[in-house]
Amino acid sequence: TRPGPYAGFEFDESAWTLIHDDPNVELERRSQVTPLGEFDSSVPISAGSVQSFFVYAPRKVMYNGGTSEGQLFSSDSNLEFYEGIGLTAKFDGDGSDIYSPRVFRGTIRYRA
């Protein structure tokens, strides 16, 4: 994760903080949620700030095509979730390895 936007940091591993790493996670089928378990550390996010997340799995991360990178996708009274990008590799490649727009297909759990 990183505070602020991800743009410009897609391939810079040093710009991100690892908050969860579990090599035993087994990806479920396309129509099922893959539980990641609790993160190794919490990610406090102040009201009105932006926090970016880089979600990676060796086999693949499920996402849907979006309509416009940076567009609000979903929200409630505590959280806004925006469309982003997909990458072909973990911190490796160039602009041709970016798929945009993309929307993470998963569940976001948080405490307000």
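Treat the numbers as computed from the prediction; the structure is a model and nothing was measured. (Residues numbered from 1 in each chain as written. Predicted model: local features only at pLDDT ≥ 70, side-chain atom pairs only at ≥ 80, totals over all residues. Heavy atoms only, no water.)

Engineer: Account for the environment of Asn64, with residues named and values stated.
Structural biologist: Following the sequence through the fold, Asn64 ends up in strand S3 (residues 63-65). The exposure class of Asn64 is partly exposed, given its relative accessible area of 36%. For the pair Asn64 and Ala7, spaced 57 residues apart in the sequence, the C-alpha separation amounts to 19 Å. Once residues within four sequence positions are removed from consideration, Asn64 is found in contact with Pro101, Arg102, Val103 and Arg105. (Helix = DSSP H or I, 4+ residues; strand = E, 2+ residues; numbered from the N terminus. Buried < 20%, exposed > 50% of the residue type's maximum accessible area, 1.4 Å probe, protein only. Contact = heavy atoms within 4.5 Å.)

Engineer: So, the packing of aromatic side chains: which residues are in play, and what are the values?
Structural biologist: When we look at a pair of aromatic rings, we describe it by the centre distance and by the angle of the planes. Summed over the entire model, instances satisfying the criterion amount to three aromatic pairs. With a centroid separation of 6.0 Å and an interplanar angle of 80°, the aromatic rings of Phe73 and Phe81 are classed as edge-to-face. You can call Phe73 partly exposed: its relative accessible area is 46%. Among the aromatic residues, those joined into a ring-pair cluster are Trp16, Phe54 and Phe91. (Phe/Tyr/Trp six-rings, centres within 6.5 Å; stacked < 30°, edge-to-face > 60°.)

Engineer: Kindly report on a nonpolar patch on the surface, identifying the contributing residues and their values.
Structural biologist: A cluster of nonpolar side chains, Leu36, Phe39, Ile45, Phe53, Val55, Phe104, Ile108 and Tyr110, forms an exposed patch at the surface whose accessible area comes to about 690 Å². Looking at where Tyr110 falls in the secondary structure, it is placed in the segment after strand S7 (98-104). Given a relative accessible area of 36%, Tyr110 falls into the partly exposed group. (Patch = residues over 30% accessible without salt bridge, like charges linked within 9 Å, V, L, I, M, F, W, Y side chains within 5 Å. Areas by Shrake-Rupley, 256 points an atom, 1.4 Å probe, with all protein chains shown as cover. Salt bridge = Lys/Arg side-chain N within 4 Å of Asp/Glu carboxyl O.)

Engineer: Explain the pattern of salt bridges to me, and be specific about the residues and the numbers.
Structural biologist: Inspection of the entire model under this criterion finds one salt bridge. For Arg109, the salt bridge goes to Glu38, with nearest N and O atoms at 4.0 Å. Of this pair, Arg109 sits in the segment after S7 while Glu38 sits in the loop between strand S1 (2-3) and strand S2 (51-52), and the two are 71 residues apart along the sequence. Neither Arg109 nor Glu38 differs from the other in exposure class; each is exposed.

Engineer: Residues and numbers for unusual backbone geometry, please.
Structural biologist: Look at the link from Ser100 to Pro101: it is a cis peptide, with omega at -5°. Note that Pro101 resides in strand S7. The phi dihedral of Phe91 falls on the positive side, at around 55°, and the residue is not glycine. As for its position among the elements, Phe91 is in the loop between strand S6 (84-87) and S7.

Engineer: Tell me about the sheet that holds S6, and name the residues and values.
Structural biologist: Pairing is antiparallel in the open sheet, where three strands are placed in the order S3-S7-S6. If you trace the sheet from one side to the other, it starts and ends with S3 and S6, each paired once. Adjacent strand axes in the sheet meet at a mean angle of 65° when their direction is disregarded. Inspection of the sheet shows S6 paired to S7 by three bridges, in the antiparallel sense. (Pairing = 2+ DSSP bridges. Axes fitted to C-alpha atoms, helices over the stretch in contact; angles between N-to-C directions.)

Engineer: Please provide a residue-by-residue account of the pairing of S7, values included.
Structural biologist: Two faces belong to every sheet, and in a regular strand the side chains alternate between them. Where S3 meets S7, three bridges bridge the pair, whose relative direction is antiparallel. Residue Gly65 lies in a different strand from S7, and its bridge partner there is Arg102.

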